[in-house]
Each structure stands twice: as C-alpha cells, then as structure tokens.
Amino acid sequence: MKAIYLYPVLALLFLNSCSYRYQVFDIKSEEVISETGDYFLYENDDLEIYYDYWTEGGYPVFKIHNRRNDTLFLNLAKSNFKVNGVAIDYYNTTYTAEEYERMRPFPLPPVVAIQPRRSYQLNGFPISWRWERIKNKPGYVRFEQNNSPIHFGNFLTYYFDDENIDYRVENNFWIGKIKKYKRKESNDFKQRHF
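Residues numbered from 1 in each chain as written. Predicted model: local features only at pLDDT ≥ 70, side-chain atom pairs only at ≥ 80, totals over all residues. Heavy atoms only, no water.

Draft legend 1. Focus on the packing of aromatic side chains. Applying the stated criterion across every chain yields a total of 15 aromatic pairs. Ring centres of Tyr51 and Tyr53 lie 6.2 Å apart, and the angle between their planes is 0 degrees; this geometry places the pair in the stacked category. Classification of Tyr53 by relative accessible area gives buried; the value is 9%. Plain terms: the ring middles of Phe160 and Tyr167 are 6.3 Å apart, the flat faces sit at 70 degrees to each other, and that makes the pair edge-to-face. (Phe/Tyr/Trp six-rings, centres within 6.5 Å; stacked < 30°, edge-to-face > 60°. Buried < 20%, exposed > 50% of the residue type's maximum accessible area, 1.4 Å probe, protein only.)

Draft legend 2. Spatial organisation of the sheet that holds strand β9 (residues 119-123). In space, the 5 strands of this open sheet follow the order β2-β3-β4-β5-β9, with antiparallel pairing throughout. Both outer strands of the open sheet, β2 (33-35) and β9, are each paired with one neighbouring strand and no more. The average angle at which neighbouring strand axes cross in this sheet is 25 degrees, direction not considered. For strand β5 (residues 61-66) and β9, the ladder comprises 5 bridges, and the chain directions are antiparallel. (Pairing = 2+ DSSP bridges. Helix = DSSP H or I, 4+ residues; strand = E, 2+ residues; numbered from the N terminus. Axes fitted to C-alpha atoms, helices over the stretch in contact; angles between N-to-C directions.)

Draft legend 3. Representation of the pairing of strand β11 (residues 151-160) in the model. Across the 10 residues of β11, 8 count as buried, placing the element largely inside the fold. Where strand β6 (residues 72-83) and β11 come together, 8 bridges link them in antiparallel fashion. By the bridge assignment for β11, Phe73 is matched with Tyr159. By the bridge criterion, 8 bridges tie β11 to strand β12 (residues 167-182) in an arrangement that is antiparallel. Considered in β12, the bridge of Tyr158 is made with Tyr167. In this structure, the hairpin formed by β11 and β12 is closed by a connection of 6 residues.

Draft legend 4. Main features of the pattern of salt bridges. Within this structure, the stated rule accounts for 8 salt bridges. Arg68 is the salt-bridge partner of Asp46, the closest N and O atoms lying 3.2 Å from each other. Linking Asp46 in the loop between β3 (39-43) and β4 (47-52) with Arg68 in the loop between β5 and β6, this pair joins segments that are 22 residues apart in sequence. Here Asp46 and Arg68 have matching classes, each one buried. With a shortest N-O distance of 2.9 Å, Glu163 and Arg68 are connected by a salt bridge. Of this pair, Glu163 sits in the loop between β11 and β12 while Arg68 sits in the loop between β5 and β6, placing them 95 residues apart in sequence. According to the relative accessible area criterion, Glu163 is partly exposed, its value standing at 22%. One continuous salt-bridge network, built from bridges that share partners, spans Asp46, Arg68, Asp70 and Glu163. (Salt bridge = Lys/Arg side-chain N within 4 Å of Asp/Glu carboxyl O.)

What follows is the structure, encoded as structure tokens:
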C-alpha cells in the first residue's frame, strides 16, 4: 500500500519544484543609458541606438536612428553580436543556408542605407535560453560585471558616403540580476510591463 502512495507524493514534489517557470534578467551597461527601465539608449553625434530587450529569450531589437543630414550606411558585413565571447555576424556568406535560417529567417543585405533623420530596425540574436539555478530565498541572485554568467555586446560599423572612414560602435552589456517568478507572479509582471 505504501508504494502506491509514493508516486503521487513524488509527483507533487516534482510539480512543486517546477512551480517557478520564468526568470527575468536585469541588464546592465556602462556606456549605454537605461531609459525608464524599458529600453537602453546609446547616442553620439551621428546616430542613436535604442535597445529593447523585453522579449522572450532576450532577443534584442535595435532601432538605429540617423541624426545627420547625410545618408548613413550600416555595414552589416563588418558588424556582429557577441554572447559570452562568441561573435555571430549579422551578414556572413560562409554560413550554410540552414545555419543562417535557424538564426535569422530573413537574410540581411551586407549594407543598409539609413536616410537622414530616419531609422532602421535590426533584430539581434538570443542572449540565453539557459535556466539559471536560483535558491528559493530570496528568489533572485545579483551579479557584478566581473562574475556575471552572461556578457553580450552589439558591434556595429557604419560610414557616410562623402567620408572614407569606418566608424565603429561597441555597446557591451551584462546580467546584473536574475529573478525568478511563479506563473501567477509572471502574469502580474507582464501586465505591469507590457
């Protein structure tokens, strides 16, 4: 008789241990400013880059805005996204069709022209699908830049037609905090932030 009750008890323990279903990463950067916690902003005299990380799996969305009165040429053949030191090129002819399609269903051109005072949206690559182990109390873990489990960066090269110079923007980020949420807590969190 005791063996029969053991399976429901194990099932309850398993379900209880899996009650935390979501983790939210708090992203930090030294050179990019966090705007109201919803997005990050990098700017120089030539452009503004808005980073939006509020997507499942941390697929970043970048909006590059040309501040000048000249056409800005975003050289994707010389640009990449790095996660923990591994560079993923935005445009690379050496990828097989399957590899590229898995990472980016719609191929990008080697160079994108951004008209004066206009913007271009670029989708990045996933930051992490890895589940980080977090103890129940306090339900989160904090990191400093030197011990963060995930470091990532966006490296963009651009130029202007009338200049013979390549400009490079390097924006680096790391995970400063990971907090776990139960299903109900995550729904409340989503309603507040989305």
